[in-house]
Amino acid sequence: MQIKQPIFLVGAERSGTTLLRLMLDHHPNIAFLYEFEFAVDQIDANGNYPNIQQYHEYLAYHRIFLGANLEIDPNLNYAELVNSFLQQKQSRDNKPLIGATVHHQFQHLLKIWPEAKFIHLIRDGRDVARSTIQMGWAGNMYMGVERWIEAELIWKQMAKQLAPEQQISVHYEDLIRDADGVLQRICDFTGVEFDNAMYSYADKTTYSVPDPKILERWRKLPQKDLQLVECRIAEMLTERDYPLSGHPILPDSANLKFRMKMDNRVRNILFRIKRYSFRLWLADLISRRFGFSKWQQQVRLKMNEKDKAYLR
């Protein structure tokens with residue numbers, strides 16, 4: 001049965017989506033699946049679904065999918081299959097509402113679930129960039145804000161297609177400073193009663209209760225780092241009610257962009273070698289470059305184990 005109105009939490013990675021997802025998932029009436037990108041990241045730019053057999057093969061070594069303990073029904077087409085993943089989570093948790101977090105290409109969700117509801121979570125892009133670097137996903141602040149820019153531009157266009165009752169935007173900083181107030185807004189939006197059980201995640205996970213002390217860590221960054229990120233997103237920050245640092249805005253030149261991309265590439269390679277080992281990094285590079293799919297699957301599974309150990 002097609003789920004008519006799932007709830008999707010969208011926004012850039014490192015924007016606080018895990019915290020909010022845990023809160024929602026601990027509500028007695030809401031089941032929330034984490035990192036649901038695998039439902040949309042194989043859809044192409046024109047909205048075409050992937051070949052179903054190739055999609056099955058893709059999921060066979062996808063770390064997040066494997067960790068979610070979901071089953072693949074080979075008799076379903078693409079839209080039916082990704083819908084079944086939500087059904088499995090909902091049935092397993094035995095809750096009336098189902099949702100999922102999606103960070104990338106979430107505009108494609110509307111093709112499968114046109115009546116879905118969306119919670120857009122936004123965090124200061126400078127804090128997102130800083131956190132992205134800590135995760136090893138970027139090597140400098142200039143490139144670290146790339147994912148934030150992508151998510152915000154997608155949402156800006158997507159929000160125009162949604163009815164008012166299908167969307168709500170929430171600032172991460174407001175969630176931390178006034179969790180009761182923000183969660184009440186979200187509960188009203190989703191049609192459930194506020195329940196203090198949403199805070200019980202702190203007793204079962206490594207995430208603690210909201211603490212305003214964790215906010216605006218970007219203020220402690222060196223001036224150079226702040227200038228590198230603000231030269232890209234100063235206007236976007238002010239549009240979203242975030243104050244600028246006050247440092248002179250650097251011109252976002254082609255030369256700066258090239259230098260930051262090269263620096264990012266080198267730092268990313270060094271990070272991946274450190275995490276996976278030179279041998280595994282090289283195997284991943286060669287298997288992808290030359291299309292050795294079977295070898296790539298084996299390599300990805302080994303890298304998944306390294307990721308699990310790192311993220312544990």
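This structure is a prediction, so every number in the text was calculated from the model and none was measured. (Residues numbered from 1 in each chain as written. Predicted model: local features only at pLDDT ≥ 70, side-chain atom pairs only at ≥ 80, totals over all residues. Heavy atoms only, no water.)

Some remarks on the overall build of the protein chain
Okay, so step 1: Counting its regular elements, the protein chain contains 15 helices and five strands.
Okay, so step 2: For 312 residues, the compact-globule estimate of 2.2 N^0.38 gives 20 Å, and the C-alpha radius of gyration of the protein chain, at 20 Å, lies within 12% of that figure.
Okay, so step 3: Across its three principal axes, the protein chain shows a C-alpha extent of roughly 55 × 50 × 40 Å.
Okay, so step 4: Counting the 312 residues in the protein chain, one finds 49% classified as buried.
Okay, so step 5: Of all intrachain contacts in the protein chain linking residues separated by at least 6 positions in sequence, the fraction that spans at least 24 positions is 73%.
Okay, so step 6: By element, 50% of the accessible surface of the protein chain is carried by carbon and sulfur atoms, the whole surface being about 16000 Å².
Okay, so step 7: Counting 42 positive and 38 negative side-chain charges, the protein chain places the averaged centre of each group 9 Å from the other. (Helix = DSSP H or I, 4+ residues; strand = E, 2+ residues; numbered from the N terminus. Rg over C-alpha atoms; globule rule 2.2 N^0.38 Å. Buried < 20%, exposed > 50% of the residue type's maximum accessible area, 1.4 Å probe, protein only. Contact = heavy atoms within 4.5 Å. Areas by Shrake-Rupley, 256 points an atom, 1.4 Å probe, with all protein chains shown as cover. Lys, Arg positive; Asp, Glu negative; His and termini not counted. Charge placed at Lys NZ, Arg CZ, Asp CG, Glu CD.)

Digging into the packing of helix α13 (residues 254-276) against helix α14 (residues 278-289)
Okay, so step 1: Interaxial distance between α13 and α14 falls to 6 Å at its minimum, and their mutual angle equals 120 degrees. Compared by their axis directions, α13 and α14 come out oblique. Seen from α13, the contacting residues are Ile269, Arg272, Ile273 and Tyr276; seen from α14, they are Phe278, Leu280, Trp281 and Asp284.
Okay, so step 2: In terms of residue class, the contact of α13 with α14 is built from six nonpolar, no polar and two charged. (Axes fitted to C-alpha atoms, helices over the stretch in contact; angles between N-to-C directions. Parallel < 35°, antiparallel > 145°, perpendicular 65-115°, else oblique. Nonpolar A, V, L, I, M, F, W, Y, C, P; charged D, E, K, R; others polar.)

What about the sheet that holds strand β3 (residues 97-102)?
Okay, so step 1: Taken in spatial order, the five strands of this open sheet run β2-β3-β1-β4-β5, and their pairing is parallel. Because the sheet does not close on itself, it has two edges, and the strands there are β2 (30-33) and β5 (167-171). Neighbouring strand axes in the sheet, compared pairwise and without regard to direction, differ in orientation by 20 degrees on average.
Okay, so step 2: As paired elements, strand β1 (residues 7-10) and β3 share four bridges and run parallel to each other. Opposite Leu9, over in β3, you have Thr101 as the bridge partner.
Okay, so step 3: Sheet contacts for helix α8 (residues 146-158): β1, β4 (117-122) and β5; angle to β4, the most-contacted strand, approximately 140 degrees.
Okay, so step 4: Against the sheet, helix α10 (residues 179-190) engages β1, β2, β3, β4 and β5, with an angle of about 170 degrees to β5. (Pairing = 2+ DSSP bridges.)

Observations regarding the nonpolar core
Okay, so step 1: Residues Phe8, Phe36, Phe38, Phe85, Trp113, Phe118 and Trp148 are the most contacted members of the largest nonpolar core, which totals 61 residues.
Okay, so step 2: If you tally residues by element for this core, the top one is helix α12 (residues 223-239), at seven residues.
Okay, so step 3: Not counting chain neighbours up to four residues away, the residues in contact with Phe36 comprise Phe8, Val82, Phe85, Leu86, Ala100, Thr101, Val102 and Trp113.
Okay, so step 4: Residues Leu9, Ile30, Leu175 and Val192 belong to the second largest nonpolar core, which totals 27 residues. (Core = buried A, V, L, I, M, F, W, Y, C linked by side-chain atoms within 4.5 Å.)

A few points about the packing of aromatic side chains
The geometry of an aromatic ring pair comes down to the distance between the two centres and the angle between the two planes.
Okay, so step 1: Counted according to the given criterion, the structure contains 13 aromatic pairs.
Okay, so step 2: Ring geometry for Phe278 and Trp281: centres 5.7 Å apart, planes at 40 degrees, overall tilted. Of the two residues, Phe278 and Trp281 both sit in helix α14, three residues apart, roughly one turn of that helix.
Okay, so step 3: Of the residues examined, Trp281 reaches a relative accessible area of 15% and is grouped as buried.
Okay, so step 4: Grouped by ring-pair contacts, the aromatic residues Phe8, Phe36, Phe38, Phe65, Phe85, Trp113 and Phe118 constitute a single cluster.
Okay, so step 5: In this structure, Lys117 packs its charged tip against the face of Phe189, placed 5.0 Å from the ring centre.
Okay, so step 6: Directly above the ring of Trp218 sits Arg126, whose terminal nitrogen or CZ lies 3.5 Å from the centroid. (Phe/Tyr/Trp six-rings, centres within 6.5 Å; stacked < 30°, edge-to-face > 60°. Lys NZ or Arg CZ within 6 Å of the ring centre and 35° of its normal.)

Section: the pairing of β3
Okay, so step 1: Taken across its six residues, β3 has five buried, putting it largely inside the fold.
Okay, so step 2: Where β2 lies against β3, four bridges are found, and the strand directions are parallel. Considered in β3, the bridge of Leu33 is made with Ala100.

Let's talk about unusual backbone geometry
Okay, so step 1: Notably, Glu35 is not glycine yet its phi reads approximately 30 degrees, a positive angle.
Okay, so step 2: Among the structural elements, Glu35 can be located in the loop between β2 and α2 (52-59).
Okay, so step 3: Although it is not a glycine, Asn69 sits at a positive phi angle of roughly 55 degrees.
Okay, so step 4: Considering the arrangement of structural elements, one finds Asn69 in the loop between α3 (63-67) and α4 (78-93).
Okay, so step 5: With relative accessibility at 58%, the residue Asn69 sits in the exposed group.

By themselves, these are just geometric observations and shouldn't be taken as functional.
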